[in-house]
Amino acid sequence: MEGKDRKNNFAPGHNACPGCGAAIGVRQIMRAAGENIIVVSPTGCLETFSSPYGGSAWEVPWVHPLFENAPAVATGIKAALKHQGNEETRVLVIGGDGATYDIGMGSLSGMLEREDEILYICYDNEGYMNTGIQRSSATPYGAKTSTTPIGVCSFGESCRKKDLLEIARAHHIKYAASGTIAYPQDLMKKVKKGLATKGPAFIHLLTPCSLGWGIEPEATIEFSKLAVETALFPLVEYENGELVNIFIPKKIKPVDEYLKKQKRYTHLFSKENAGVLAEIQEMADANSRKYGFRQ
Amino acid sequence: MKLNIGCITEAGLSKKNRTGYWRYFFPIVDKEKCNGCGICELFCPDSCIQIKDKKCVVNGYYCKGCGICARECPRAALTMQPGGEEAE
Amino acid sequence: MRNALIKKKEVMQGSIAVAEAVKSARPGVIAAYPITPQTYIIEHLATLIANGELKSRYVRADSEFSAASIVYGSVAAGERSYTASSSQGLLLMTEVIFNMAGTRLPVVITGVNRSISPPINIQNDHQDTMVLRDSGIIQLYVENIQEAVDTHIQIFKIAEDKEVLLPAMVCMDGFVISHTYEPVTIWKDEAVQEFLPPFSPVYKTDPQNPLTYGSLTDDDKVTEFKYMTNEALVKSKKKIIAVAREFQEIFGNHYGDLLQEYRTEDAEIILVAMGTVISTIKVAVDALRKNGKKVGVIKVRSYRPFPDEELRTALSKCRLAVVVDKSYSCSSGGILGSEIKACLYNQRGPSIINYIAGIGGREIFPETIKDMVVKSEKLAESGKIPDGSVFFDLNKQLLNNQLL
């Protein structure tokens, strides 16, 4: 049954957990990305499960440098390709939220500011899942992680998640979008657009993590969809600074439907945390108002 | 094993790994219900599914048994059943 | 020097001369982040590119960490690449430099030596480059501007050799080399290009031949990969020597193989040091010789790879070695001194005294060196060789005024 799955450029036999959202995301990305591409990934889940020596899943050139420097390494690769007169080969970074929101933010900002044609995709599973589900600055408000435990003095993550897409957009990049694995056609279209952009491009990709979120592996796609349907994760697309596309869910669901089935949020459904829940609902409502969803 | 300088390794060698050993459940396809839409193939994290003759075929060598395909099939054509060791 | 190979011979600032040397090596990619005293080098390279005199891509990095990462990427993609930094900038690059060595990417870096904060100080010592010693990077220390120029040309050839493939650094004293003016010879580009062929990588990030860089690796192979990098550095000695001699044959200049000895033939006392202080020591040695003291000096040109065999041989006949360190490892002592002691342990070698001096730009005068020699002789004669390293130019009076 072995054989080169050339359609994906990302082979099976990798070590991702069953039902891994990041693995689904990378397959969808790589299908759209084609073969004439060089991928850079910082340290993280993806690096760990896809790159063992003598067991790499990558079928395109793939570089894992360090945790905090993938955008700069991609810049160097692009500079070399340009010096060689190679305008065809694309450069893509696929990095987790820890590498993007936290440790690699400076490097990312440098990349987005320069004019190189590099697509950066942040696969966001909302925490340091590979090291044991610690909190990152992508961990949502109220979520329980191993470093935001629940206790008499704590309701979980107490800071609001950064608005990564707006941070990227503030660099005046020509293409910025959000996507999630439940909408593969939408994501693949966005990847193609990002790679065709004359300049840096950015995609924020939500990839649920069954282990870190406390959901069943088979529910990965379901929660990816619920994040969109509750307006907590709107699917949008900006070209040249203009909002050109919004996915409008038919009916916006209350955030409870998304939160209550995830173990990282079960503590929010107690009397004392009702206020936290209301705040999360307000965050979703703010998104609905911003993008004109009917509530 | 060959040691390349700089710990640089060849592409695609993960394909030798039989991740099918991990699973407890395996998706069984009801060929009557399956219309080969391919949504399961796009959602599979492990590239186990191929659409052949407009029907879904699951590769037991790699399938870790996560169950996404069965959960997401719009026609409920896949059901998770214990084992599936024979399906390779 | 070979006149036909000379492009120009004029009084130049060290940084400009080094930038001209880098230009003649024609790197495809240059990335840098400014820090004193490295700035004049990268400014001049940026100017050469802006003027169309150098066809390279110059990337203005957002930090030294990114500058190092950019050239990591460009070498991985098959281009000769260059960066430069100093002090805190080199510390910030450290993680990437380990990664370059382990991934066997021959990036060339100029380390313009400057003290480490705190206290913040822009002047020279060797602390910044010495902390990189465990990474696998090649380090050649230079004594003057011409040596800096010639060593830059040599080091690309050493680093990119298929049996070496390691990052490599020319360590040159900040201000003393970077900002001073001396008569310098700049070689014709064609002459340098004949000496230094284009970079031809063993591996590169090529979609036609996809490879995975930076693999997760288990304990069953990690020791072997690290051993391979270590061996490459050890074996680079041969290449450093061969390239120095080839350079001498073509261009006429030679600064020693791994070491350079000066008046050591019959020396009873040998001073050992690195960098520009060597010139000062040579002046002191000449003066001491006039007074009948049999003194010589060894310049450690190649600090990494460490010239252990060569030092054992060179120091075998003297009775006293005085190692002058411009860096130290807290509570352990002078770094060069400690390593020389280690490599002579169990040998029938000389007594060794290790002085730490010249930290944060504190001047080492010929008189300082003479004083070191006189004091060392007395200590040796009275059998009171200090066990550890001694801060030689410490102002004890000032120290007595410290407040808690």
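Residues numbered from 1 in each chain as written. Chains lettered and ligands numbered in written order. Predicted model: local features only at pLDDT ≥ 70, side-chain atom pairs only at ≥ 80, totals over all residues. Heavy atoms only, no water.

1. Let's talk about the nonpolar core
- If you look at the biggest cluster of nonpolar residues, it comprises 154 residues, and the most contacted ones within it are Met30 and Leu92 of chain A.
- Counting residues in each nonpolar core, the second largest holds 54 residues, with Leu5, Ile145, Phe195 and Ala232 of chain C among its members. (Core = buried A, V, L, I, M, F, W, Y, C linked by side-chain atoms within 4.5 Å. Buried < 20%, exposed > 50% of the residue type's maximum accessible area, 1.4 Å probe, protein only.)

2. Structural notes on the side chain of Gln13 of chain C
- You can see Gln13 of chain C is positioned in strand S1 (residues 6-13).
- Excluding its chain neighbours within four sequence positions, the residues that come into contact with Gln13 of chain C are Tyr40, Ile145, Ser178, His179, Thr180 and Tyr181 of chain C. (Helix = DSSP H or I, 4+ residues; strand = E, 2+ residues; numbered from the N terminus. Contact = heavy atoms within 4.5 Å.)

3. Some points on the packing of helix H6 (residues 145-160) of chain C against helix H8 (residues 219-251) of chain C
Residues and elements named next belong to chain C.
- Running from N to C, H6 and H8 cross one another at 130°; their axes reach a closest spacing of 10 Å. It follows that H6 is oblique to H8 by the angle criterion. H6 and H8 meet at a crossing whose hand is right-handed. Of H8, the residues touching H6 (which contributes Asp150, Ile153, Gln154, Lys157 and Ile158) are Lys239, Ile240, Val243, Ala244, Glu246 and Phe247.
- Taken together, the residues that form the contact of H6 with H8 break down as six nonpolar, one polar and four charged. (Axes fitted to C-alpha atoms, helices over the stretch in contact; angles between N-to-C directions. Parallel < 35°, antiparallel > 145°, perpendicular 65-115°, else oblique. Left-handed = near helix turned anticlockwise from the far one by under 90°. Nonpolar A, V, L, I, M, F, W, Y, C, P; charged D, E, K, R; others polar.)

4. Points about the environment of Thr139 of chain A
Residue and element names in this part refer to chain A.
- Structurally, the position occupied by Thr139 is in the loop between strand S4 (118-124) and strand S5 (150-151).
- Setting aside residues up to four positions removed in sequence, Thr139 forms contacts with Glu126, Gly127, Gln134, Thr145, Glu157, Cys159 and Lys161.
- For Thr139, the side chain forms a polar contact with the main-chain nitrogen of Ser136, separated by 2.9 Å. (Polar contact = N/O pair within 3.5 Å; in protein donor to acceptor, adjacent residues only side chain to side chain.)

5. Regarding the interface of chain A and chain B
- At the interface, 42 residues of chain A touch 34 residues of chain B.
- Across the chain A/chain B interface, buried area totals approximately 3200 Å², and carbon plus sulfur atoms make up 55% of it.
- Notably, a salt bridge pairs Lys225 of chain A with Glu72 of chain B, separated by 3.9 Å at the nearest N-O pair.
- For the interface between chain A and chain B, the tally reads 22 residue pairs in polar contact (both at pLDDT 80 or more).
- Secondary-structure elements contributing two or more residues to the side of chain A that touches chain B are helix H1 (21-33), helix H7 (184-196) and helix H9 (220-229) of chain A.
- Among the elements that line the side of chain A that touches chain B, the one with the most residues is H1 of chain A, at five residues.
- Looking at the side of chain A that touches chain B residue by residue, the classes come out as 21 nonpolar, 12 polar and nine charged. (Buried area = accessible area lost by both parts, 1.4 Å probe. Salt bridge = Lys/Arg side-chain N within 4 Å of Asp/Glu carboxyl O.)

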